[in-house]
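# Fold and contact review
Spelled out from the first residue to the last, the chains are:
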Amino acid sequence: DVKVTQSSRYLVKRTGEKVFLECVQDMDHENMFWYRQDPGLGLRLIYFSYDVKMKEKGDIPEGYSVSREKKERFSLILESASTNQTSMYLCASSGDRGIYEQYFGPGTRLTVT
Amino acid sequence: AQSVTQLDSQVPVFEEAPVELRCNYSSSVSVYLFWYVQYPNQGLQLLLKYLSGSTLVKGINGFEAEFNKSQTSFHLRKPSVHISDTAEYFCAVSEGSYGKLTFGQGTILTVHP
């Protein structure tokens, strides 16, 4: 059974803290994605990676960075968390040149106070 | 750039009634189309996908969708809903490049007894 796991389901951080969100997939997928989900806005792509050490900006990369040192792991970094980054963060992965579906993790609900 | 519009933000229906969730997209190239479902406090799960071939696509849990190229639509239907179908539904389009998805804003389906 395919699996994408995220390090935390709920996270509370203070403004200005550095925050790491981790995502691991066990499907040997080439592509991995980070989205944020906000009510009424759907999912918006922050960053994606199509290979180890390769990354591309999505639609809303400002305030975020990513790291992919190993194929199975994709990290999202908030260098200095702000209250407007309070959101649900979803990680996904896909294979087969990405024309097939993405598999999603359960999400991390981040609150920045 | 692609865009996806889900025409209804909320759809309330009674149990055993039929339902249609509407999705329109804009794209100048061939696309792949998806419907995902998100149950409360969970990640996204694929309902169905259109890659090519028959324009009527059947998915899990009795859902189906019809791809209409001339109207650039991909509406989701179910002839008889259950309480357990209460969830948020997302339409998405892939441009085929690394499998990036553009999501609609989501439609919250609430099934009442």
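In what follows, the structure referred to is the one given above.
What comes next is a walk through the structure. Counting starts from 1 at the beginning of each chain's written sequence and moves along it residue by residue. Both sets of labels track the order of writing: A upward for chains, 1 upward for ligands. Given that the model is predicted, a residue must reach a pLDDT of at least 70 before its local features are reported, and side-chain atom pairs must reach 80 or more before they are shown or counted; all residues, however, enter totals for whole chains, interfaces and linings. Derived side-chain values reflect all non-hydrogen atoms in the structure, with water molecules and hydrogen atoms excluded from consideration.

### Quick word on the overall build of chain B
- Only DSSP runs of H or I covering at least 4 residues are called helices, and only runs of E covering at least 2 are called strands; the numbering of each starts at the N terminus. When helices and strands are counted, chain B shows zero helices and 12 strands.
- Its helices and strands in sequence order give chain B the pattern β-β-β-β-β-β-β-β-β-β-β-β, from N to C terminus.
- In terms of overall dimensions, chain B has C-alpha extents of about 40 × 30 × 20 Å along its principal axes.
- Residue contacts are defined here by distance: any two heavy atoms, one from each residue, within 4.5 Å place the two residues in contact. Counted over contacts in chain B with a minimum sequence separation of 6, partners at least 24 positions apart contribute 55%.
- Working definition of accessibility: Shrake-Rupley area with a 1.4 Å probe, residue cover restricted to the visible protein chains. Of the roughly 5,400 Å² that chain B leaves accessible, carbon and sulfur atoms contribute 50%.

### What to know about the interface of chain B and chain A
- Of the residues lining the interface, 22 residues belong to chain B; the matching set on chain A comes to 24 residues.
- Buried surface at the junction of chain B and chain A, both sides included, amounts to about 1,800 Å², of which 58% is carbon and sulfur.
- When a carboxyl oxygen of Asp or Glu is within 4 Å of a side-chain nitrogen of Lys or Arg, the pair counts as a salt bridge. Remark: the boundary between chain B and chain A carries one salt bridge.
- With a closest N to O distance of 2.8 Å, Lys49(B) and Glu101(A) form a salt bridge.
- Counting of polar contacts relies on pairs of N or O atoms within 3.5 Å, with two restrictions inside protein: one atom must be capable of donating a hydrogen and the other of accepting it, and residues adjacent in sequence are counted only when both atoms are side-chain atoms. Put simply, chain B and chain A have four residue pairs in polar contact (both at pLDDT 80 or more) between them.
- Those elements giving two or more residues to the side of chain B that touches chain A turn out to be strand 5 (32-38), strand 6 (44-50), strand 10 (87-94) and strand 11 (101-103) of chain B.
- At four residues, strand 5 of chain B tops the list of elements feeding residues into the side of chain B that touches chain A.
- In terms of residue class, the side of chain B that touches chain A is built from 10 nonpolar, nine polar and three charged. The quantity reported as buried area is the accessible area (1.4 Å probe) lost by two parts once they are put together, taken as the sum for both. Gly counts as polar in this scheme, as do all residues outside two lists: the nonpolar Ala, Val, Leu, Ile, Met, Phe, Trp, Tyr, Cys and Pro, and the charged Asp, Glu, Lys and Arg.

### What to know about the sheet that holds strand 1 (residues 4-6) of chain A
Residues and elements named next belong to chain A.
- The strand order across the open sheet formed by four strands is 1-3-8-7, and the pairing between neighbours is antiparallel. Each edge of the open sheet is held by one strand with a lone partner, namely strand 1 and strand 7 (65-70). Neighbouring strand axes in the sheet, compared pairwise and without regard to direction, differ in orientation by 20 degrees on average.
- Two strands qualify as a pair provided DSSP detects at least 2 bridges between them. In this structure, strand 7 lies alongside strand 8 (residues 73-78), joined through four bridges in antiparallel fashion. Bridge pairing in strand 8 links Lys-70 to Arg-73. Lines fitted to C-alpha atoms define the axes, with helix axes restricted to the stretch in contact, and inter-axis angles between N-to-C directions lie between 0 and 180 degrees.

### A short note on the environment of Tyr25(B)
All names here are of chain B.
- With respect to the element layout, Tyr-25 can be found in strand 4 (residues 23-26).
- The cut-offs for exposure are 20% and 50% of the maximum accessible area for each residue type, with area from a 1.4 Å probe on protein chains only; residues under the lower value are buried, those over the upper are exposed, and the others partly exposed. Under the relative-accessibility criterion, Tyr-25 is labelled buried at 7%.
- Counting along the chain gives 13 residues from Tyr-25 to Pro-12, while the straight-line C-alpha distance between them is 23 Å.
- In this structure, Tyr-25 is in contact with Ser-3, Val-4, Val-31, Leu-33, Phe-67, Lys-69, Thr-72 and Ser-73, ignoring residues within four places of it in sequence.

### Digging into the pattern of salt bridges
- Scanning the model with the defined rule gives 12 salt bridges over all chains in all.
- The partner of Glu66(B) in a salt bridge is Arg77(B), and the shortest N-O contact between them spans 3.5 Å. Here Glu66(B) is found in strand 8 (residues 64-68), whereas its partner Arg77(B) is found in strand 9 (residues 73-78), with 11 residues between them in sequence.
- With a shortest N-O distance of 2.8 Å, Lys78(B) and Asp85(B) are connected by a salt bridge. Just as Lys78(B) is buried, Asp85(B) falls in that class too.
- Each of Arg36(A), Asp38(A) and Arg44(A) takes part in salt bridges that share partners, so that together they form one network.

### Overview of the side chain of Ser87(A)
All names here are of chain A.
- For Ser-87, the position within the fold is in strand 9 (residues 87-94).
- Residue classification places Ser-87 among the buried positions, given a relative accessible area of 5%.
- One polar contact links the side chain of Ser-87 to the main-chain carbonyl oxygen of Gln-37, over a distance of 3.0 Å.
- A distance of 2.8 Å separates a polar atom in the side chain of Ser-87 from a polar atom in the side chain of Asp-38.
- Beyond its immediate chain neighbours, meaning those up to four positions away, Ser-87 contacts Arg-36, Gln-37, Asp-38, Thr-108, Arg-109 and Leu-110.

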